[in-house]
Amino acid sequence: MKLPNLLELQNVTKVFGGGLFNRSNVTVAVDDVTFAISADRPTITAVAGESGSGKTTLARLLLGVIKPTLGNVIYDGQDVSGMSGNDRRNFRREVQPIFQDPFEVYNPFYKADHLLHVAIEKFGLASSRDERVQLIREALETVGLRPDEMLGRYPHQLSGGQRQRMMVARALLLKPRIILADEPVSMVDASLRATILESIRTLNRDLGISVVYVTHDLTTAYQICDDILVMYKGSVVEQGSVERVIRDPKHPYTRLLVESIPQMRADSGWEEGGDEVLSIDESGETTGCKFADRCPQVMDRCHDEHPTAFQINDDRVASCYLYDEMPIANRAPVAS
Amino acid sequence: MAVETTTNAVADREQSTRSEMPTTVDDLRRSGMGDSSLPAIDVKDLKVYYDSEAGVVKAVDGVSFALQQGERLALVGESGCGKTTLGMALMKLTKAPGYIDGGQILLDGRDLVPLDDEEMRLARLAEIALVTQSAMNALNPVMRIEDQIFDGLIDHGIKDTKENLRSHVYDLLLRVGLRENVGRMFPHELSGGMKQRVAIATGTSMNPKVIVADEPTSALDVVVQRQVMMTLSRVQRDTGAAVILIGHDMGLVAQFADRIGVMYAGKLVDIGTVQQIIEEPKHPYTKLLINSVPDLEEKRERLTGIPGIPPPLVDLPPGCVFAPRCPSVEGPCNELEPKDTDIGDNRHVMCHLFDPDVAMAGSEVA
Ligand SMILES: Nc1ncnc2c1ncn2[C@@H]1O[C@H](COP(=O)(O)OP(=O)(O)OP(=O)(O)O)[C@@H](O)[C@H]1O
Ligand SMILES: Nc1ncnc2c1ncn2[C@@H]1O[C@H](COP(=O)(O)OP(=O)(O)O)[C@@H](O)[C@H]1O
Ligand code: SF4
Ligand code: SF4
Ligand SMILES: [Mg+2]
Ligand SMILES: [Mg+2]
């Protein structure tokens, strides 16, 4: 029998403002997204897309901190919004976030390791002070920090990368099954980026933790992830193995994204070429493909109806009419 | 007519101090480059320090480089190595507890370091301009875009008819790829990329000789980043300005710049063309830095950052600042401070391995 998925979104839509039937001033931040983190083996999944495409909203839905407007978030076979008591407590411990700017989560008046102590107390992970300190030391060492240098320092006395790794250490203490990392390295330099991502990958490889890596850096996504979800204006436009999607993007938006990555090479030309003149146009609502107004391959029918997902390979789907001769992807979630 | 009065007052006040400054839109349109035999900017032994409780933080410690007109230099290096401090100092925008401790910033032969606040205010925009990551947040939220650019011109002593000024504002917007109607918008109505283009338009409105761009796109996603960098490229080509791009995205830097300067702990330890730095990194730090950048060509088993952390910039130990993390460290490294060595092809490296006067077992001196 197939294991249930660890965490999944079933046709989830999240609308902010206005209410679902008040069309004025609403943002559909996440639009009918279905995706699952499998329980078979620990994976790393990237969620990529431009700013405002709904990545953070998707992460917050997965964390259960906001409720979907439509659809369900299922953890270990159970609907997250219906959870209470022990189940909810387990869920809160087993699915841990790591945010973009860790400075925001630190209270400047407490020492930086305060957060680690709080986490241990909240979930009753240690029975004595010594045990608590021991756990913290181990966690810091796992993420490559020297405990003696870190303990007792205030947040502003740590570098951005150190603060970020403290957050990874905090997540680690709780022995989660899933880590949701929302742009965990967007503020750090190349060297630290490599170090932090490698420590996240170690958690996946050695401790069997599944990771959702929210980012707009496709290069690192390609390096550490198994699968990727490309979002555009709240919809998933392409989804599948990172190897397929990034090496051979099919959706015109994914292609644009991949082409836009500046590569560390001595050839030039990246900053030349067709440079569009922008003006303000309130294109607003569309019933068709959301990418139609920017798509170089747009066709008449693209304006009529939102394209459904087509199965392009066994391990990749794309929502675009260019592939309508392919079978429609069967992404319907297991009936609940 | 309030505008007219301000214009006159400002112009009168400035007449005596700076006669060579552009004062009309026509001057601006004509304002070409200065003496082309001189570098656009020539920085000599610049030192920028901060006073702190722990001691003096030597954030920029004896940096020298020169840039020709139209040349693009990128400054890279780990967070905290002094890039922004250097960029701000070039603009003379260093704030207390920071100060310029010594050195020269020669713009077209004129040293900016001794200039007073008023002289420097005029030199900014007209000679050297800054575009930062947060430039887009610095826009006045209750003022239309075109009025902000307009006021900036007047502030810098441009005295002309309203019509001429307006048309110049629209030219500037078009130069950064924004149509007239964007000028009538307020900042909150623009996307991040559009705001950053406005910041470029404002920063370059007086055709500066040097543009300092400090992580101008790090808050933007790749697609918009590329558009903004294209815009900066075009403006740079149009005006012939030299550009100093600060950032730590090695891909971006490689694609945009002509040369790369690598900073470590307040020092410029390696400088060469993009090709030299990427394909034949010399300084041990540069090698590790280049190696920490993954690409789309091959999937790596491991991502390797540079082990260790940069030293605190107070009380630096004697010898080479990179010694505690350097895989090639040898005896002399802990005692003797490496000096800037010209290894040919206008390539400079600050490491004993390349200095013919220092005996190192691993010496790379031919
Ligand atoms: N006001 C200040 N007082 C004391 N030290 C400071 C101050 N501002 C900056 N510094 C120190 O100066 C050094 C250089 O900082 P700077 O902001 O120039 O780095 P950077 O290279 O721009 O880093 P990043 O890549 O993170 O932007 C750092 O060690 C920093 O801690
Ligand atoms: N709490 C909220 N209230 C209203 N709108 C929101 C809220 N959170 C996000 N949004 C909107 O939803 C869209 C997606 O945002 P977000 O998920 O933060 O995108 P990303 O993380 O990809 O940048 C944006 O248009 C954003 O303005
Ligand atoms: S559906 Fe049409 S508009 Fe949308 S991405 Fe595909 S080709 Fe372009
Ligand atoms: S001088 Fe010595 S320690 Fe410094 S970079 Fe060169 S080899 Fe390494
Ligand atoms: Mg986000
Ligand atoms: Mg900086």
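Data block above holds the structure.
The following refers to the structure shown. For every chain, the first residue of its written sequence is number 1, and the numbers climb from 1 along that sequence. Lettering for chains starts from A, numbering for ligands starts from 1, and both go in the order in which the items are written. Where local features are concerned, this predicted model is filtered to residues with pLDDT of at least 70; where side-chain atom pairs are given and counted, the filter is 80 or more; whole-chain, interface and lining totals use all residues. Hydrogens and water are ignored here; the side-chain numbers use all heavy atoms of the structure.

**Some points on the packing of aromatic side chains**
The condition that has to hold: Here a Phe, Tyr or Trp ring, Trp counted by its six-membered ring, pairs with any other such ring whose centre lies within 6.5 Å, and the pair is stacked when the planes are under 30 degrees apart, edge-to-face when over 60, and tilted otherwise. Strands here mean DSSP runs of E at least two residues long; helices mean DSSP runs of H or I at least four residues long; both are numbered from the N terminus. Burial classes: relative accessible area under 20% of the type maximum marks a residue as buried, over 50% as exposed, and values in between as partly exposed (1.4 Å probe, protein chains only). Lysine NZ or arginine CZ positioned within 6 Å of the ring centre and within 35 degrees of the ring normal marks a charge as sitting over the ring.
According to the stated counting rule, one finds eight aromatic pairs over all chains in the structure shown. Aromatic side chains Y49 of chain B and Y99 of chain B sit 6.3 Å apart centroid to centroid with 80° between the ring planes, which places their arrangement in the edge-to-face category. Within this pair, whereas Y49 of chain B is found in strand β1 (residues 41-52), its partner Y99 of chain B is found in strand β4 (residues 98-107), the two being separated by 50 residues in sequence. By relative accessible area, which is 8% here, Y49 of chain B ends up buried. Judged by its relative accessible area of 26%, Y99 of chain B falls in the partly exposed class. Members of the aromatic cluster, connected to one another through ring pairs, are Y232, Y253 and F291 of chain A. The positively charged end of R301 of chain A is found above the aromatic ring belonging to Y321 of chain A, 4.0 Å away from the centroid. Positioned over the ring face of F150 of chain B is R166 of chain B, at 4.5 Å from the centre of the ring.

**Re the pairing of strand β8 (residues 210-215) of chain A**
Residue and element names in this part refer to chain A. Worth spelling out the cut-off: One bridge is not enough; two strands pair if DSSP finds at least two bridges between them.
Counting buried residues along β8, six of its six residues qualify, which places the element largely inside the surrounding structure. Residues S210, V212 and V214 of β8 are buried on one face, and the alternating residues V211, Y213 and T215, pointing to the opposite face, are buried as well. Where strand β3 (residues 44-48) and β8 come together, five bridges link them in parallel fashion. Within β8, the residue paired with T45 across the bridge is V212.

**What to know about unusual backbone geometry**
Most peptide bonds adopt trans geometry, and most residues besides glycine take a negative phi value. Cis geometry marks the peptide bond from A96 of chain B to P97 of chain B, where omega comes out at 5°. Inspection of the secondary structure assignment puts P97 of chain B in the loop between α3 (83-90) and β4. Of note in the backbone geometry, E183 of chain A takes a positive phi value of approximately 45° without being a glycine. Relative to the assigned elements, E183 of chain A resides in the loop between β7 (178-182) and α7 (190-207). The exposure class of E183 of chain A is buried, given its relative accessible area of 10%. Phi at D45 of chain B takes a positive value of approximately 50°, unusual for a residue other than glycine. Relative to the helices and strands, D45 of chain B resides in strand β1.

**Observations regarding the sheet that holds β7 of chain A**
Residues and elements named next belong to chain A. As a reminder, the rule being used: Axis angles are defined between N-to-C directions and span 0 to 180 degrees, where every axis is a line fitted to C-alpha atoms and, for a helix, only to the segment in contact. Here, residues are in contact when the closest pair of their heavy atoms is within 4.5 Å.
Pairing in this open sheet of eight strands is mixed, and the strands run β6-β7-β8-β3-β9-β10-β12-β11 from one edge to the other. With partners counted over all chains shown, the strands left at the sheet margins are β6 (95-98) and β11 (310-313), one partner each. Here the strands of the sheet are splayed against their neighbours by 20° on average, with no regard to which way each runs. Bridging between β11 and strand β12 (residues 316-318) involves three bridges; their strand directions are antiparallel. Residue pairing across strands places N313 opposite R316, the latter belonging to β12. Running over the sheet, helix α10 (residues 252-260) touches β9 (227-232) and β10 (235-241) and is turned about 105° from β9.

**Notes on the nonpolar core**
Looking at soluble globular proteins, one finds that nonpolar side chains tend to be buried together. Put simply, the rule reads: Definition of nonpolar core: a set of buried residues of the types Ala, Val, Leu, Ile, Met, Phe, Trp, Tyr and Cys, connected through side-chain atoms within 4.5 Å.
V262 and Y285 of chain B are the most contacted members of the largest nonpolar core, which totals 82 residues. Setting aside its immediate chain neighbours within four residues, V262 of chain B contacts V76, K267, L268, V269, D270, I277, Y285, T286 and L289 of chain B. Counting 67 residues, the second largest nonpolar core, distinct from the first, contains L145, L203, I224 and V245 of chain A.

**Looking at the side chain of S205 of chain B**
Examined against the element boundaries, S205 of chain B turns out to sit in the loop between α8 (192-203) and β7 (210-214). Setting aside residues no more than four positions away along its own chain, S205 of chain B makes contact with L28, L125, I149, L153, H168 and L172 of chain B.

**A few points about the environment of I309 of chain B**
Its place among the elements puts I309 of chain B in the loop between α12 (284-291) and β11 (341-342). For I309 of chain B, a relative accessible area of 34% corresponds to the partly exposed category. The sequence separation of I309 of chain B and K92 of chain B amounts to 217 residues, and the corresponding C-alpha distance is 29 Å. Apart from the residues within four sequence positions on either side, I309 of chain B is in contact with E149 and Q162 of chain A together with Y264 and R325 of chain B.

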